[in-house]
Amino acid sequence: MSVRVRYAPSPTGLQHIGGVRTALFNYLFARSMNGSFILRLEDTDRTRSKDEYVQNLYDTFKWLGFYWDEGPDVGGPKGPYIQSERFALYREYAQKLVDMDKAYYCFCGQAKLDQKIATPAAANAAAVADVDSQEDNAQAESGYGYNRHCRSIDPAEAQRRVDAGEPYVIRLKIPLEGSTKFTDLLLGDIEWKNADVNPDPVLLKSDGFPTYHLANVVDDHTMEITHVMRAQEWIPSAPLHMLMYQAFGWTPPKLCHLPMVLGQDGQKLSKRHGATAVDEFRKKGYLKDALINYVAMLGCSYEDGRDLFSLEDLSRLFKIEHINKAPAVFDYVKLEWFNGQYIRQLTLEQLAGAMTPYLADAGLVQASPTPIEAALIAQAAPLVRERLKYLTDAPEALRFLFAEPAVPAVEEMLPKKLDAAATVRCLTTARALLVEIGVADHDTVEAAFRAKAEELGCKLGDMLMPLRMAVTGTKVSPPLFESIHALGVEKALPRIDKALAVLQAAG
RNA sequence: GUCCCCUUCGUCUAGUGGUUAGGACACCGGGUUUUCAUCCCGGCAACAGGGGUUCGACUCUCCUAGGGGAUACCA
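Residues numbered from 1 in each chain as written. Chains lettered and ligands numbered in written order. Predicted model: local features only at pLDDT ≥ 70, side-chain atom pairs only at ≥ 80, totals over all residues. Heavy atoms only, no water.

This part takes up the overall build of chain A. Per the secondary structure count, chain A includes 21 helices and 11 strands. Its C-alpha atoms give chain A principal-axis dimensions of roughly 105 × 55 × 40 Å. Per-residue burial over chain A gives 50% buried out of 507 residues. In chain A, once contacts between residues fewer than 6 apart in sequence are set aside, the share between residues at least 24 apart is 74%. Of the accessible surface of chain A, which amounts to about 24000 Å², a share of 52% is contributed by carbon and sulfur atoms. (Helix = DSSP H or I, 4+ residues; strand = E, 2+ residues; numbered from the N terminus. Buried < 20%, exposed > 50% of the residue type's maximum accessible area, 1.4 Å probe, protein only. Contact = heavy atoms within 4.5 Å. Areas by Shrake-Rupley, 256 points an atom, 1.4 Å probe, with all protein chains shown as cover.)

Listed below in structure tokens is the structure:
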């Protein structure tokens, strides 16, 4: 049987690193096994699910270059792939479980359940404060979870109350005794005492929508999913899902719980660790290949001794056995290195294209660059390819090409140990050389500058730094002659003259 | 609290009984250089602790400690 895996996000927020990691591993597994990768939208939380998040999901994966074989937008034989469009299915299956005495109606309202806070201290306080409700407190004796109050209601009686229109949920009957075992592809055998499983979780909510557990199991089965790869935070609900497969009499898919991705402080990765929404990485000038490469290597290895892998490489080399069990810390510094690597791998044309939106955002060029701007960008690409860590660094590095820099202050132009008068001599000489031989041939200009510097008794850098300040307005710039070449000598000269004027005034 | 999972340099990892424990990022030196980068060379740095098993444990096992996760009508 061919492999079928799915990424089943809930559109309740922007796609983040954790989700992409899960999607990526599923994707790579499917591709490496020549199987199918399926996208399914788990939008059963009707208060938190939003269309904009669905759009963000599509945008994100389009940017990353993932494709799915079956999904809401591309269709497929097991659709629909949006859970809200499968509404009737879940009630039907929940009902089956009730009919088989594997699940039951529960009439404990939300208010009663609100008393079960997640800490025993708070729960006890609530119980003490409200003596009247003690008998009927929906809290389990252990202090956690539902107390199975409605489990003992006679089915016929329950049916009458349902028919009478009383609000209800459907809960799974977790066996009181025994244990549930499953084999995780990564972690091996895991066994849970049924007493430790979430006591009788809700399957069908009072609004008629399924909970994650029901929808997930029903869909994975009906969509013939063969492998479920998800984050380790799901381990505690695995036995519950196994119990459901057992109740239905279905063969469960193979489970593989992926290690978590943590922030620098060792906690689950979240917004306070910095950018976590994928969209944010894009806006901050990361390349998708760098992000994919880096994320793929979090908690997994491919070929020893190699660092750079394309999506295709990863798809070919991925092996479940190479996934680590331990959680991995997300390291922005290492990701930065990957980003630099990928920027340097871009062709000049690709880099020019990639930088353009960022230059436009900075107001340096039109959103659709004019031919002149486009030519300038093309000339700029080789100047910065070795220098960018992020695409967002491009505007600052290239501003002098597109906008007139401020005339530098005197002290910014003075090389170490040189006064204003000496600097004027350097800059004047430099100007003359530029006029005389131009910058078309960088080696020739450089040789000329070198010779002249020696003649003047100063260092090459002493001649170049004032020139750099005058032309680019900054102490740090791409190689000067190339920069002036891209800018055009005729545009550089007035800048030099302004700088000279300032220096002469000071000298 | 309870249950579950995890543990090799600061970080990501290789390693599947016998290795000088390898690589990458970061960091620290040095070189190239026109500033900044890139690039090249070198260095620092780890098997959480304690019992077993074994001729021999980073590798197998147990315990402890530490970390993480879960304990919803959210996924």
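So that's the structure; there's more coming.
Take the pairing of strand β3 (residues 103-106) next. The alternating pattern of β3 places Ala103 and Tyr105 on one face and Tyr104 and Cys106 on the opposite face, and all of these are buried. The pairing of β3 with strand β4 (residues 169-172) spans four bridges and is antiparallel. Paired with Ala103 across the two strands is Leu172, which belongs to β4. (Pairing = 2+ DSSP bridges.)

Within this structure, the stated rule accounts for 29 salt bridges. Its salt-bridge partner being Arg272, residue Asp265 comes within 3.0 Å of it at the nearest N-O pair. The exposure class of Asp265 is partly exposed, given its relative accessible area of 42%. Given the relative accessible area of 57%, Arg272 is considered exposed. (Salt bridge = Lys/Arg side-chain N within 4 Å of Asp/Glu carboxyl O.)

Before going further, it helps to spend a moment on the protein's contact with RNA strand B. Lining the immediate surroundings of RNA strand B are 67 residues, of which Gln267, Gly299, Glu386, Arg450 and Ser477 lie closest. A distance of 3.3 Å separates a sugar or linking oxygen of RNA strand B from a polar backbone atom of Lys475. Every element with two or more residues in the surface near RNA strand B is listed here: α4 (110-113), β4, β11 (328-329), α12 (332-345), α18 (442-456), α19 (460-472) and α20 (480-487). With five residues, the single largest contributor to the surface near RNA strand B is α12. (Near = heavy atom within 4 Å. Polar contact = N/O pair within 3.5 Å; in protein donor to acceptor, adjacent residues only side chain to side chain.)

Let us now look at the domain arrangement of chain A. When the parts of a complex come together, some accessible area is lost, and that lost area is often used as the size of the interface. The domain boundaries assigned to chain A delineate domain 1 (4-84 + 261-329), domain 2 (86-216), domain 3 (346-402) and domain 4 (410-506). Put simply, the middle of domain 3 and the middle of domain 4, counted by C-alpha atoms, are 24 Å apart. With eight residues of domain 3 at the contact, the number on the domain 4 side is 11 residues. Interface area for domain 3 against domain 4, summed over the two sides, is near 800 Å², with a carbon-plus-sulfur share of 68%. If you sort the residues of domain 3 by the area they bury against domain 4, Gln379, Leu383 and Phe400 come out on top, with a joint share of 66%. Our count for the domain 3 to domain 4 interface comes out at one residue pair in polar contact (both at pLDDT 80 or more). Those elements giving two or more residues to the side of domain 3 that touches domain 4 turn out to be α14 (371-384) and α15 (394-402). Among the elements that take part in the side of domain 3 that touches domain 4, α14 stands out by supplying four residues, more than any other. (Domains from an automatic or database assignment. Buried area = accessible area lost by both parts, 1.4 Å probe.)

What follows concerns the side chain of Asp462. Checked against the element boundaries, Asp462 lands in helix α19. The buried charged residue Asp462 lacks any salt bridge partner; its closest oppositely charged side chain belongs to Lys459, at an N-O distance of 5.3 Å. Excluding residues that lie within four positions of it along the chain, Asp462 makes contacts with Pro415, Leu418 and Cys426. (Lys, Arg positive; Asp, Glu negative; His and termini not counted.)

What follows deals with the packing of aromatic side chains. Aromatic ring pairs are described here by two measures, namely the spacing of the ring centres and the angle between the planes. Tallying each qualifying case throughout the model produces 26 aromatic pairs. Measuring from centroid to centroid gives 5.4 Å for Tyr93 and Trp250, while their planes differ by 75°, and the two rings are edge-to-face. Of this pair, Tyr93 sits in helix α3 (residues 87-99) while Trp250 sits in the loop between α8 (238-248) and β9 (254-258); the two residues are 157 residues apart in sequence, bridging distant segments of the chain. For the pair formed by Tyr93 and Trp250, the shared burial category is buried. A ring pair is formed by Phe281 and Tyr286, whose centres lie 5.1 Å apart and whose planes are at 70°; its orientation type is edge-to-face. Relative accessible area serves as the criterion here: at 7%, Tyr286 is assigned to the buried category. Through successive ring pairs, a cluster of aromatic residues spans Tyr7, Tyr27, Phe37, Tyr58, Phe61, Phe66, Tyr67 and Trp68. Here the basic side chain of Arg21 rests over the ring of Phe25, its NZ or CZ set 4.9 Å away from the ring centre. (Phe/Tyr/Trp six-rings, centres within 6.5 Å; stacked < 30°, edge-to-face > 60°. Lys NZ or Arg CZ within 6 Å of the ring centre and 35° of its normal.)

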